[in-house]
Protein chains: 2
Amino acid sequence: MTDDTDLLPEGLEDRLPREAATTTRAMRSIQDVMHGHGYDRVLPPMIEFEKSLASRMAGIQSRRMFRFVDPSSLRMMALRSDFTPQIGRIAQGRLAGAARPLRLMYAGQVLTIKGDGLDPAREKLQCGAELIGADNVAAAIEILIVAIEALQAAGARSVSVDFTLPDLVDTLAAKAFPLEPGAIEAVRRELDTKDAGGLRDAGGEAYVPLIYATGDFDGAIEKLAAIDAGGALASRIAALREIAAAIAPTGARLTLDPSERHGFEYQSWFGFTLYAEGVRGLLGRGGTYRIAGANAGGEGEVATGFSLYPDALIDLIAQSEPLSDKVFLPLGHDREVAARLRSIGWRTAAALSEGDSAVSLGCSHTLDGGEVVALA
Amino acid sequence: MTDDTDLLPEGLEDRLPREAATTTRAMRSIQDVMHGHGYDRVLPPMIEFEKSLASRMAGIQSRRMFRFVDPSSLRMMALRSDFTPQIGRIAQGRLAGAARPLRLMYAGQVLTIKGDGLDPAREKLQCGAELIGADNVAAAIEILIVAIEALQAAGARSVSVDFTLPDLVDTLAAKAFPLEPGAIEAVRRELDTKDAGGLRDAGGEAYVPLIYATGDFDGAIEKLAAIDAGGALASRIAALREIAAAIAPTGARLTLDPSERHGFEYQSWFGFTLYAEGVRGLLGRGGTYRIAGANAGGEGEVATGFSLYPDALIDLIAQSEPLSDKVFLPLGHDREVAARLRSIGWRTAAALSEGDSAVSLGCSHTLDGGEVVALA
């Protein structure tokens, strides 16, 4: 037997029937939730000009993309590594004249030349929803509810959401705790590592309490509120509390890590990360942001959205996904009866020669004299 | 407004909400039919080693693929231009030990550096089913029924099927009408252009009646049967008649063009092309073939399958696809009522600010005091 693992490049793999069935079901469930909330799918191409994929969003690096020269235009093209810039391009382009808020969704594959961190995969599923033209609290609530419901519909259990305030340091530096020029970056770095000593050394003494305003939402938001920043954070805190209250019925567990910024390079005032029990790594992230573009003025158009990366969830649940029943159709079976069975939801597998049997075709049932009979 | 047609490379395009909704629905319908007949989906990666994509099937040319060096292995990779070699690789690799016949299906995108003929598209949808380990009449019948039902489920009307016998000239040359060495290619070429004079000049006088054995199946098969080839075609003719009779209940119109070979480079004894009313160009093709591979011995493993290219069908039906109803949810609506509406199949679109209205959000209905009310 040929060992196919030798034949596929590192970080790329086939999904075989069991995992593929779970993938199909989970991706449909996620899309059905987004569609139900009024999001319309768009289908951008797998490849386009590198320049177009790398613009509009900070934090998306074309050096992570597979790139090649287009023999037709002689310009550089790339495989998409993220759907979000493509959705931004559509919103700013052919849908620039569509009424706002504009609800768009997407689902498909993205590719990068290297996996990230512990995950060697270079091809991933990504699906998500973008609410273009709105970035208020109501938008954040809707996007979070859609994201959580989508994960739950796909099969995630015990979803948890970690809130962050991506522009927290900028806001505090501008309105409450001024920093020496050049110190902002150092303060951000020390907050990332939660190093109180380093933070003090960097001139960020006032920022130290942020390190402790993390963890379970109810406790952490109290600690954040206790920081006397002359009201600079009041509206943010009120917004987070309103969002937390609104998503409570989903049953998702909430945490807060207000200075977390990894992966939120293009987010504005609000960001979140999604996890689920038993699934290694993050399942998705989202938040408010601005789409740069000719049509959006200097500041860009506001938007709120999320992206899900369901591969790890699919791998987890594929193991326990039930296999569907299948009816064996013997040689010479009545085709009309078989068609009727399929029309009411049965799967069938027909014998094509004397050698085929219900067992060899993996069937749970057989068609016997017009009746479906379960096999022992 | 930015003109996005400038921003996308030639032959690549975005599908916007209406066309994307039709795409999603049609692709699901096609997959549901294949799944119902016992086919299991597999998900090969979008890219893999060029060598792997270009082997196993004649007629698949790596110079038509987007190719690039893998920075990790430093080997040439390519974007898939066809799913079929990937399915062959899986069948000969990780599924080499699975019971036969093995029913596999696929659905997704394929890309080529150039469009073909009149169609400039460089990205296409392809979906199909492969029955691996069987290439008898029963296999051909099943594959054709699945293909026709899949097209009908997607929305095709008046499907027609054109049968061909890809190895007809080889069979006749070997068993009935010998040709001078080197004349086979000339005879094939003249048959392609249906040039009786050219056929005679090429020494293929005996092949002239094949030119006229084309058109409506019932008439053409009579003409084919009338060719006295000493019984060399008898089993083929009987097989075609059996297939034709078995697929009659689908309502598909049948034609025969026994010497057609364009697009059947890797097919063996039976091939077919699928069309539908109002759809420009072919919608799919299929037939019997052999998968080359280490595991399959010198001759390769037998298989029967089809590929559909539903883009043109989707473009046609998207124009008449009904838009689904959508319920406007005013500011401050009851979230539980809204969730209940979605759970029974309604789509909703929520107001996020005072400026949002049922009209601006494209809604057909509104939620009014807990009731769904149709808008005039």
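Calculation criteria
- Residues numbered from 1 in each chain as written.
- Chains lettered and ligands numbered in written order.
- Predicted model: local features only at pLDDT ≥ 70, side-chain atom pairs only at ≥ 80, totals over all residues.
- Heavy atoms only, no water.
- Helix = DSSP H or I, 4+ residues; strand = E, 2+ residues; numbered from the N terminus.
- Buried < 20%, exposed > 50% of the residue type's maximum accessible area, 1.4 Å probe, protein only.
- Contact = heavy atoms within 4.5 Å.
- Phe/Tyr/Trp six-rings, centres within 6.5 Å; stacked < 30°, edge-to-face > 60°.
- Lys NZ or Arg CZ within 6 Å of the ring centre and 35° of its normal.
- Salt bridge = Lys/Arg side-chain N within 4 Å of Asp/Glu carboxyl O.
- Core = buried A, V, L, I, M, F, W, Y, C linked by side-chain atoms within 4.5 Å.
- Least-squares fit on C-alpha atoms with pLDDT ≥ 70 in both.

In the nomenclature of an unreviewed UniProt entry, chain A corresponds to ATP phosphoribosyltransferase regulatory subunit from the organism Novosphingobium olei.

## Some details on the environment of A350 of chain B
When you line up the elements, A350 of chain B lands in strand β14 (residues 347-350). A relative accessible area of 9% places A350 of chain B in the buried class. Counting along the chain gives 17 residues from A350 of chain B to L367 of chain B, while the straight-line C-alpha distance between them is 9.9 Å. Once you skip the residues sitting within four places of it in the chain, A350 of chain B turns out to touch R103 and E142 of chain A together with L329, H333, D356 and L361 of chain B.

## What about the packing of aromatic side chains?
Residues and elements named next belong to chain A. Throughout the structure, instances matching the rule amount to 15 aromatic pairs over all chains. Between F270 and F272, the aromatic rings sit 5.8 Å apart at their centres with planes inclined by 40 degrees, giving tilted as the arrangement. What makes F270 buried here is its relative accessible area of 0%. Aromatic ring contacts, followed pair by pair, group F163, F217, W269, F270 and F272 into a single cluster. The side chain of R103 reaches across the aromatic face of Y39, ending 5.9 Å from its centre.

## A word on the pattern of salt bridges
Pairs can form between side chains of opposite charge once their charged atoms are near each other. Residues and elements named next belong to chain A. Going through the model one piece at a time under the given rule, you end up with 44 salt bridges over all chains. In this structure, E185 and R261 form a salt bridge, with 3.7 Å as the shortest nitrogen-oxygen distance. One end of the pair, E185, is in helix α6 (residues 183-192); the other, R261, is in the loop between β9 (253-256) and β10 (267-276), with 76 residues separating them in the sequence. The partly exposed category is assigned to E185, whose relative accessible area is 37%. R261 gets classed as partly exposed once you look at its relative accessible area, which sits at 26%.

## Quick word on the nonpolar core
In terms of nonpolar packing, the biggest core is built from 80 residues, with F163, Y207 and L224 of chain B touching the most fellow members. Ranked by residues supplied to this core, first place goes to helix α4 (residues 137-154) of chain B with 13 residues. Excluding residues within four positions of it along the chain, Y207 of chain B makes contact with V169, L172, A173, F177, L179, V187, L191 and L199 of chain B. M34, A183, I227 and L254 of chain A belong to the second-largest nonpolar core, a separate cluster that totals 78 residues.

## With respect to the relation of the copies chain A and chain B
Mapping chain A onto chain B calls for a screw motion: a turn of 180 degrees about the axis and a shift of 0.0 Å along it, with 0.0 Å RMSD after fitting. Both copies of the chain, as the preceding transformation shows, are related through a two-fold rotation axis. Across chain A, the smallest distance between a C-alpha and the rotation axis is recorded for F68 of chain A, namely 3.0 Å.

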